[in-house]
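Each chain is listed here by its residues.
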Amino acid sequence: MARLQILELPTVYREDGEEETPFVLVIDQTTPQRIVLGVDTPWRDYWQDIADKIGARTAIVTPETIDIPGNEVTLTEAAGGNVVRLRVEPDLAGFREQVLAEVAKAQADMRAALK
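Described below are features of the structure shown in this document. (Residues numbered from 1 in each chain as written. Predicted model: local features only at pLDDT ≥ 70, side-chain atom pairs only at ≥ 80, totals over all residues. Heavy atoms only, no water.)

**Some words on the sheet that holds strand 7 (residues 59-62)**
- Strand order across the open sheet formed by three strands is 1-4-7, with mixed pairing between neighbours. Where the open sheet ends on each side, the last strands, each with one partner, are strand 1 (3-8) and strand 7. Strand-to-strand twist in this sheet, taken as the mean axis angle between neighbours without regard to direction, amounts to 20 degrees.
- Sheet topology places strand 1 next to strand 4 (residues 23-28); six bridges connect them, and they run antiparallel. When the sheet's bridge partners are listed, Leu4 is paired in strand 4 with Ile27.
- The strands touched by helix 1 (residues 46-54) are strand 4 and strand 7; relative to strand 4, the strand with the most contacts, the crossing angle is about 150 degrees. (Pairing = 2+ DSSP bridges. Helix = DSSP H or I, 4+ residues; strand = E, 2+ residues; numbered from the N terminus. Axes fitted to C-alpha atoms, helices over the stretch in contact; angles between N-to-C directions. Contact = heavy atoms within 4.5 Å.)

**Re the pattern of salt bridges**
- Counted according to the given criterion, the structure contains five salt bridges.
- Among the ionic pairs, Arg3 bridges to Asp28, the shortest N-O distance being 2.6 Å. In this pair, Arg3 is assigned in strand 1 and Asp28 in strand 4, connecting sequence segments 25 residues apart. No difference in accessibility class separates Arg3 from Asp28, as the two residues are buried.
- With a shortest N-O distance of 3.2 Å, Arg3 and Asp67 are connected by a salt bridge. Here Arg3 is found in strand 1, whereas its partner Asp67 is found in the loop between strand 7 and strand 8 (72-75), with 64 residues between them in sequence.
- You can call Arg3 buried: its relative accessible area is 12%. (Salt bridge = Lys/Arg side-chain N within 4 Å of Asp/Glu carboxyl O. Buried < 20%, exposed > 50% of the residue type's maximum accessible area, 1.4 Å probe, protein only.)

**Here we look at the side chain of Gln5**
- Summarising the element assignment, Gln5 is placed in strand 1.
- A polar side-chain atom of Gln5 sits 3.4 Å from a polar atom in the side chain of Asp28. (Polar contact = N/O pair within 3.5 Å; in protein donor to acceptor, adjacent residues only side chain to side chain.)

**Focus on helix 2 (residues 95-114)**
- The terminal C-alpha atoms of helix 2 lie 29 Å apart, and with 20 residues this matches the ideal 28 Å at 1.5 Å per residue to within 8%.
- Of all the positions in helix 2, only Val99, Val103 and Gln107 are classed as buried. The arc that holds the buried residues of helix 2, viewed along the axis, is 70 degrees, so those residues lie on one side. Residues of helix 2 that are exposed and point more than 90 degrees away from the buried face comprise Glu97, Gln98 and Ala112. (Expected span 1.5 Å × (residues − 1). Arc of directions from axis to C-beta.)

**Describing helix 1**
- All buried positions along helix 1 are accounted for by Tyr46, Trp47, Ile50 and Ala51. Down the axis, helix 1 shows its buried residues gathered within 150 degrees of arc, on one side only.
- Immediately downstream of helix 1, the backbone of Gly55 shows phi near 90 degrees, a positive value.

Here it is in structure tokens:
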């Protein structure tokens, strides 16, 4: 089953003085898939579309397993000196179907707009 992770990049300071922490959407244990649309737009990558919608810099999709150390938290003081490791893994059951439904809707809307 695909895993969805966030890889935080170093914080940057924008020209307006605000700080921003950019991130990359990492989807591992799955294969990259592209959707063929037509001659003018030969393909779309729905993972990149999702990354764009949530403000990620890009999406990394790989069949390999990638463990991001920043997504693991080690607690020592709260556990009385014992090391406690927490790992959060989202339940993505049904996520693929939701994404495919949204992509199909967007394609239908695009076709309707082009008529």
